[in-house]
Amino acid sequence: MNPWTVVENEWNPHRANYFETIFTVGNGRLGTRGSLEERHTGSLPGTFLAGVYDAFDAPVVDLVNAPDWLVTEVFADGSRLDTESAAVLSHHRELDLRRGVLTRETVFALPDGARFVLRTERFASMADRDLCCLRVRVTALDRAATVMIRTGIDGHRRNRERLPTYREDTEFGYDRKWDKWALSTHLRSTGTGFTEGVGMLECRTIDSGVDLAYALRTELPTTPQRRVEVRSHESIAVEVNFAAAAGETVGVDKFVGVATSRDPEAAAAPGDRARATVARVTDFGQASTANAAAWARLWAESDCEVVGEDRVTQALRFAVYHLLIAANPDDPTVSIGAKSLSGEGYRGHVFWDTEIMLLPFYLFTQPRAARALLGYRHHTLPGAREVAADNGATGARFPWESADTGREECPQYTHDGSGRFYTREEELHVTADVAYAVIRYTEVTGDDTYLFTEGAPILFETARYWVQRCEPEGDALVLRTVMGPDEFHSHVDNNAFTNRLVRWHLEQAAAVYRRMAAEQPELLAAHAEPVALSAAEAEQWVDAARRIRVPVDPDCGVIEQFDGYFERTVVPITEWDDNDMPRYPAGFDHFNCEDTSLLKQPDVVMLMHLLPEEYSLETRRQNYLFYEARTLHKSSLSPSIHAIVGLRVGEADTAERYFGRSAFVDLDDNQGNTEEGIHIASAAGTWQVATHGFGGFQATRDGLRFSPALPSSWQRLRFSVHWRGRVVRADLGHHDARFELIGDGPAEHISVWGDPVQVGPGEVVEVRAPESVAS
């Protein structure tokens, strides 16, 4: 197999929605699902623009399903070439992960047996994030024919909304299931037309008032018999007719420019910018070359390869590909939703996943993108202040589900109204998670400018919120009625993950305040005076941190996940699925595990992943074994964290199983819901397992550490990490490791299998494993 590609080798309408997700092309600015250009019954096409949200007739804000730039129809002698109107003799699509290009070749047969080959190539340019390109080629294999190609932009788009309630055993086929959903309208057309061969479609989001503009330009490799420009209220298209001889290939090259009124630092109107985008493209080859070069630069810093296991390498590169197309380092006003830009799942909302699961990948491979993601939290800080105020507090509290404004967007009920979500009120840990990301970014990059300008207000205002949210209990402070990452248990007191991270958060905020008072007093005053923050209040954070009741490291036992957890009914896990993952015990589901010991994902194990140096190895091991036996892994975040912590406490066999679950969650669709969008947090977790887990990579205040412990089937593991402005390339084996330092400056001192190693710029250093490891 080729570890740089993902392929589809036959047409199967039952698998079409799955391939639409995994074949998503994008560039961080937008993502477009891998639907067939001509669509089919049951298709679920979608293009999503980062940051374009609307709530017009939806219960909460949606990431808008924007105009479709792919839509294309091909006719041969009046017969439509699609998977239902013609016979499909062969079908092959291939996603080139190296270049971000999706290609297709389908052979159709008409009723008289005449065969036609449809070939397409598409990409969202990584060199010009405003540009999308599509090449269409049609070959008449057996006889001459009249070929008509119509390609354009469809602005009649809708978001799916609230599935009605049906009997429990009701099933709908692939051709009907999406028809059963209600729809939300978010776009209103504001104009379509053509000027000098360039088409324009403009629309506006109805509630949020964002203007969208799409420009369309086509180039023809051969002269057509006829070219017609077609427009309607919500669409534009170019229609071309060719007289194709037997064996002749005809086609269209299509360039689409996309612009919105919310684009940062955009001076010109969206329509003018979209038109300028297609005007500066000379031809398809030039655009393709520029895109490939941009991807080559990304892969040089982001590739993660396992020598000896091509399928694992494919899974890692697939994960990295989707991470790279999800982030835009040029836009600090947007973040990444739980399904990235690949589907409507979770309405495109942003969760804690971004800071805890996704950020490490960008931090160590694309630090500009990491900086932009943190910029989103600063951009939405006013919304976080509103969330705190809505809950009777000052300061800032980040919402559980965030969109464009930073206000709370989590729905209160399930789609059928039968289940209540308490996450919006109780899953407060997201605020501490953001603070953790701020400090972690600063530690890895050494970017004090960020910390003192945008990071500090986040830390200060969220620390203020925590002090008010805590309640006194004797001499201690407690956090009542909360929910940890394990969402099976609501209304709990003193969740171990939340309390411990809040203590850490307050300590870090106070430390940054003190440092700024010494090093940046004027900048500190600029932050403090508008919100009446004083040195005395900052010292109160230290006192509050000391008083917060959190489980301490006893070195002799298990940390209780929350008050009373040990008294919950123990329900054994006795069944596992085909992926060797736990099934719900009979009679249990997501909404009725409250009184049991069953966990969706374990808060204590996650805590020990984030703050490993706070707990002894024996404490981490005991807690891992205790909670692993009680965890159902009903979050795609859970397996990767279990793998990393498992490796660090000596549970390698279990870690390999969890790595497989994380690495192939979408490639193998092992949760059965990939059609709704990529599990982007699992993709980032997969990278973390490979690098932080099997690679033994850690970045600490003292520098970089590598303690590789590869699975027996892996020959070598290769990846690169950014560290304070430079890049360290690691090539790790079972008994040796090689390192190269890219960038100017002094030598870097790293630790390899516990021994100090010095690597100079441009130098390749080889290290042999100590006897204890080699044996």
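Just so you know, these numbers come straight off a predicted model, no measurement behind them. (Residues numbered from 1 in each chain as written. Predicted model: local features only at pLDDT ≥ 70, side-chain atom pairs only at ≥ 80, totals over all residues. Heavy atoms only, no water.)

### Here we look at the side chain of Arg93
Among the structural elements, Arg93 can be located in strand S8 (residues 87-96). Here Glu8 takes part through its side chain, which lies 2.8 Å from a polar atom of the side chain of Arg93. Among residues more than four places away in sequence, those in contact with Arg93 are Val6, Val7, Glu8, Phe19, Phe23, Gly34, Ser35, Leu36, Leu102, Thr103 and Arg104. (Helix = DSSP H or I, 4+ residues; strand = E, 2+ residues; numbered from the N terminus. Polar contact = N/O pair within 3.5 Å; in protein donor to acceptor, adjacent residues only side chain to side chain. Contact = heavy atoms within 4.5 Å.)

### Points about the pairing of strand S20 (residues 249-260)
Among the 12 residues that make up S20, 11 are buried, leaving the element largely enclosed by the rest of the structure. Strand direction decides the pairing type here: strand S11 (residues 131-140) and S20, joined by nine bridges, are antiparallel. Paired with Leu131 across the two strands is Gly257, which belongs to S20. Strand direction decides the pairing type here: strand S17 (residues 211-219) and S20, joined by eight bridges, are antiparallel. From the neighbouring strand, Thr218 faces S20, where its bridge partner is Lys254. (Buried < 20%, exposed > 50% of the residue type's maximum accessible area, 1.4 Å probe, protein only. Pairing = 2+ DSSP bridges.)

### Quick notes on the domain arrangement of the protein chain
One can read the domain layout of the protein chain as domain 1 (30-301) and domain 2 (304-693). Contacts between domain 1 and domain 2 engage 36 residues on the former and 36 residues on the latter. Between domain 1 and domain 2 the total buried area reaches about 3000 Å² when both faces are included, carbon and sulfur atoms providing 56% of it. Put simply, domain 1 and domain 2 have five salt bridges between them. Of the charged contacts in the structure, one is a salt bridge between Asp62 and Arg347, with a shortest N-O distance of 2.8 Å. Residue assignment for the side of domain 1 that touches domain 2 shows that the elements contributing at least two residues are strand S3 (30-32), strand S4 (47-54), strand S5 (62-66), strand S13 (159-161) and helix H3 (284-302). Counted by class, the side of domain 1 that touches domain 2 contains 19 nonpolar, seven polar and 10 charged residues. (Domains from an automatic or database assignment. Buried area = accessible area lost by both parts, 1.4 Å probe. Salt bridge = Lys/Arg side-chain N within 4 Å of Asp/Glu carboxyl O. Nonpolar A, V, L, I, M, F, W, Y, C, P; charged D, E, K, R; others polar.)

### Topic: helix H7 (residues 381-390)
Inspection of H7 places Leu381, Gly383, Ala384, Val387 and Ala388 among the buried residues, and these make up the whole buried set. Angular distribution of buried residues about the axis of H7 spans 155°; they occupy a single face of the element. Looking one or two places after H7, you find Gly392, whose phi comes out positive at around 75°. (Arc of directions from axis to C-beta.)

### Looking at unusual backbone geometry
At Arg39, a residue that is not glycine, the phi angle is positive and equals roughly 65°. When you line up the elements, Arg39 lands in the loop between S3 and S4. The backbone phi angle of Asp669 is positive, close to 50°, even though this residue is not glycine. Residue position: Asp669 is located in the loop between helix H17 (652-663) and helix H18 (680-694).

### A closer look at the sheet that holds strand S28 (residues 736-742)
Sheet architecture is open: five strands sit in the order S21-S26-S27-S28-S31, paired in antiparallel fashion. Among the strands making up the open sheet, the edge pair consists of strand S21 (304-307) and strand S31 (764-768). Along the sheet, successive strands turn relative to each other by an average axial angle of 20°, direction set aside. The pairing of strand S26 (residues 716-723) with strand S27 (residues 726-733) spans eight bridges and is classified as antiparallel. Within S27, the position partnered with Val721 by the bridge is Val728. (Axes fitted to C-alpha atoms, helices over the stretch in contact; angles between N-to-C directions.)

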